[in-house]
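Structural description and commentary
Single-letter residue listing:
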Amino acid sequence: MARPTCKHIILDAAEGVVSEVGAAHLTLDAVAEKSGVSKGGVLYHFPNKEALIEGMMTRLIDRTLKIRDTAIQKMQDDPASELKAEIMALLVCGEADKPVRVGMLAAVANHPSLMCIIREVHRKRFESQSQYANYEKRALLLLSTFGLFFLELMQVSPFSEEQRARLIDSLFRFADEVAAEC
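Residues numbered from 1 in each chain as written. Predicted model: local features only at pLDDT ≥ 70, side-chain atom pairs only at ≥ 80, totals over all residues. Heavy atoms only, no water.

On to the packing of helix α1 (residues 6–21) against helix α6 (residues 98–110), then. What describes two packed helices is the angle between their axes and the distance between those same axes. The N-to-C vectors of α1 and α6 enclose an angle of 85°; their axes lie 8 Å apart at closest approach. Classified by the angle their axes make, α1 and α6 are roughly perpendicular. Contacts between α1 and α6 involve E15, V18 and S19 from the first element and P99, V100, G103 and M104 from the second. Classifying every residue of the contact of α1 with α6 gives four nonpolar, two polar and one charged. (Axes fitted to C-alpha atoms, helices over the stretch in contact; angles between N-to-C directions. Helix = DSSP H or I, 4+ residues; strand = E, 2+ residues; numbered from the N terminus. Parallel < 35°, antiparallel > 145°, perpendicular 65-115°, else oblique. Contact = heavy atoms within 4.5 Å. Nonpolar A, V, L, I, M, F, W, Y, C, P; charged D, E, K, R; others polar.)

Before going further, it helps to examine empty space enclosed by the protein. Under the definition given, this model contains one cavity of 30 Å³ or more. Considered as a void within the structure, the largest cavity measures approximately 80 Å³ in volume. Together, ten residues line the largest cavity, and L90, K98, R101, F149 and E152 are the ones closest to its centre. Of all the secondary-structure elements, those providing two or more residues to the lining of the largest cavity are α5 (81–92), α6 and α8 (135–153). No other element matches α8, which puts three residues into the lining of the largest cavity. Classifying every residue of the lining of the largest cavity gives four nonpolar, one polar and five charged. (1 Å grid on protein atoms, 1.4 Å probe; cavity = no way out; pocket = protein on both sides within 12 Å on 5 of 7 lines; lining within 4 Å. Points joined across faces, edges and corners; volume = space filled by probe spheres on them.)

The subject of this paragraph is the side chain of R125. Relative to the elements of secondary structure, R125 occurs in helix α7 (residues 115–127). When residues no more than four places from it in sequence are discounted, the contact partners of R125 are T64, L65, E86, L142 and F146.

All right, on to the packing of aromatic side chains then. The full count for this structure, using the stated rule, is four aromatic pairs. Relative to F149, the ring of F146 has its centre 6.5 Å away and its plane inclined at 90°; by these criteria the two rings are edge-to-face. In this pair, F146 and F149 both sit in helix α8, three residues apart, roughly one turn of the helix. Here F146 and F149 have matching classes, each one buried. Ring pairs connect the aromatic residues F126, F146, F149 and F150, which therefore count as one cluster. (Phe/Tyr/Trp six-rings, centres within 6.5 Å; stacked < 30°, edge-to-face > 60°. Buried < 20%, exposed > 50% of the residue type's maximum accessible area, 1.4 Å probe, protein only.)

See the structure below:
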C-alpha cells in the first residue's frame, strides 16, 4: 500500500473536521491542527477554503465513481451492470462517506460555484444512458436512485430500513427489466 501524500493527509483531516463538527466549522486552521501539517503546508496544497472544499468534493466523487466502476467490473456478464452499479455506488456501498456527504452538501450551499463539478458528473452520467432506445426508463431509474440518495443525504427520508431495502431491491429488479429491453 502506498504511503499517503501530504495532500491526502490534509483531505483526510478536512473530512474528519466536516464529519465531526460540520462544514460550517471547516477552517484551514482546524485542518492544519487535525492533520499535523502546518497552515503553510495546507495553503501550499489548497490556497483557500474553497479549493479545499473542491478537493474534498472531487475526492468524494472519485471514490463513488471507483465503487461504481468496480461493481461494473464484477458484474460484467450482467446486462444491467451499469445501472445496478449506479444503485450500489449511491445507496449500498457509500455508507462510510455519509457524514462527509452531508457536510459537503452544506459546504456547496455556501459555495455555489462548486456545483459545476457535480453538474458535470451528472451530465456525463445521464449522457452515457442516452445511447439506449429506452433512455427515458434508464433516466427514471437513475432519478429514483438519486431521489432516495438525496432524501437520505438531507436526513429527511421517510422510509424505515425494511422499506429502504425493499425499494433498493425494486430498483435492482427495474434495472434488470430495463436492461432486458435492449
